[in-house]
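Spelled out from the first residue to the last, the chains are:
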Amino acid sequence: MGLFDRMKDKATGGQDWAAQAAAAQELANQHLRDAGYTDGSPVTMANAGSVGADMYADREVLTAYGNELNRIIAIGHSGTSVIRSAVDTGERISGNPWFQLEVEVTLAGGAPYVVSKREMVAPMFIANYAVGSTHDVKVDPADAQNIAFTS
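Attention in this report is confined to the structure presented alongside it. These numbers come from a predicted model, not from an experiment.

1. Quick word on the side chain of Asn96
Right, on to step 1. Tracing the sequence through the fold places Asn96 in strand β2 (residues 96-107).
Right, on to step 2. A residue is classified by how much of its surface remains accessible, and Asn96, at 18% relative accessible area, is buried.
Right, on to step 3. Not counting chain neighbours up to four residues away, the residues in contact with Asn96 comprise Glu91, Met120, Val121, Ala122 and Pro123.

In structure tokens:
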């Protein structure tokens, strides 16, 4: 090993930067595949437009969905709920599944009633929405069928 080889090892900390870059690219490709934007191959000039368009469309849906939940949480009446059924619709957005939930909702002083709600649930939180689980909710004062989970 020559002088410059030792200096190179010292400067890079013995790291193989090309291997790190390749691993980072593979991780990015995996995330794009898991989100449904690619088949796991890298984004190229040939597919960048469609991948970007899909991401932008998902962002618009997620923004509208989040804004509606935030609106209900801000103005809604507090209640409790029990998940009665949860069915994966097969739809995905940014890799997250949409579920059709049947939820029994109870407001203070009121009789329980059933709401059918479409909810996006990140895979890591699916267990929280098991049948029989209880949650605090906010109920839209203008439409009692429109709820947002707060717990």
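After presenting the structure, the write-up continues.
2. Focus: the side chain of His135
Right, on to step 1. Within the fold, His135 resides in strand β4 (residues 134-139).
Right, on to step 2. Residue His135 is classed as buried on the basis of its relative accessible area of 7%.
Right, on to step 3. Ignoring anything within four residues of it in the chain, the contact list for His135 reads Gly79, Thr80, Ser81, Ile83, Asn128, Tyr129, Phe149 and Ser151.

3. Comments concerning the environment of Gly40
Right, on to step 1. Counting through the fold element by element, Gly40 comes out in the loop between α2 (17-34) and α3 (48-75).
Right, on to step 2. Since its relative accessible area comes to 17%, Gly40 is described here as buried.
Right, on to step 3. In the structure, Gly40 is positioned 12 residues away from Ala28 in sequence and 8.8 Å away in space, judged by C-alpha atoms.
Right, on to step 4. When residues no more than four places from it in sequence are discounted, the contact partners of Gly40 are Asn29 and Arg33.

4. Re the sheet that holds strand β1 (residues 77-93)
Right, on to step 1. Strand order across the open sheet formed by 5 strands is β3-β2-β1-β4-β5, with antiparallel pairing between neighbours. On the outer flanks of this sheet lie β3 (113-120) and β5 (147-149), each paired with one strand and no other. Here the strands of the sheet are splayed against their neighbours by 40° on average, with no regard to which way each runs.
Right, on to step 2. Two strands pair when backbone bridges link them, and β1 and β4 are joined in this way by 6 bridges, in the antiparallel orientation. The residue bridging Ser78 from the neighbouring strand is Lys138, located in β4.
Right, on to step 3. The strands touched by α3 are β1, β2, β3, β4 and β5; relative to β5, the strand with the most contacts, the crossing angle is about 95°.

5. Topic: the packing of aromatic side chains
Right, on to step 1. Inspection of the entire model under this criterion finds 2 aromatic pairs.
Right, on to step 2. Relative to Trp98, the ring of Tyr65 lies with its centre 5.0 Å away and its plane at 80°, an arrangement referred to as edge-to-face. Placement of Tyr65 in helix α3 and of Trp98 in strand β2 is noted, with a sequence separation of 33 residues between them.
Right, on to step 3. Given a relative accessible area of 16%, Tyr65 falls into the buried group.
Right, on to step 4. On the basis of relative accessibility, which here comes to 5%, the residue Trp98 falls in the buried class.
Right, on to step 5. Summarising the aromatic geometry, the rings of Tyr129 and Phe149 are spaced 5.4 Å apart at their centres and angled 75° between planes, so their arrangement reads as edge-to-face. Highlighted residues: Tyr129 in the loop between β3 and β4 and Phe149 in strand β5, separated in sequence by 20 residues.

6. So, α3
Since the α-helix turns once every 3.6 residues, residues separated by three or four places project in the same direction.
Right, on to step 1. Along its 28 residues, α3 runs 40 Å from first to last C-alpha, staying within 8% of the 40 Å computed at 1.5 Å per residue.
Right, on to step 2. Of all the residues in α3, the buried ones are Val51, Asp58, Tyr65, Leu69 and Ile72.
Right, on to step 3. Lining the buried residues of α3 we find β1, β2, β3, β4 and β5.

The rules behind these values
Here the residue index of a chain counts from 1 through its sequence in written order. Only residues with pLDDT of at least 70 get local features here, since the model is predicted, and only at 80 or more are side-chain atom pairs given and counted; chain-wide, interface and lining totals rely on the full set of residues. As a rule here, side-chain values come from all non-hydrogen atoms in the structure, and water together with hydrogens is ignored. Secondary structure elements are taken from DSSP: a helix is a run of H or I of four residues or more, a strand is a run of E of two residues or more, and numbering for both begins at the N terminus. Between buried and exposed lies partly exposed: a residue is buried under 20% and exposed over 50% of the maximum accessible area for its type, with that area taken using a 1.4 Å probe on protein chains only. Working rule for contacts: check all heavy atoms of both residues, and any pair within 4.5 Å makes them a contact. DSSP-based pairing: two strands are paired if at least 2 bridges between them are found. All axes here are fitted lines through C-alpha atoms, helices being fitted over the stretch that makes contact, and every angle between N-to-C directions spans 0 to 180 degrees. In this analysis, rings of Phe, Tyr and Trp, with Trp reduced to its six-membered ring, are considered paired at centre separations within 6.5 Å, and the interplanar angle assigns stacked below 30 degrees, edge-to-face beyond 60, and tilted for intermediate values. The span expected for a helix works out to 1.5 Å for each residue beyond the first.

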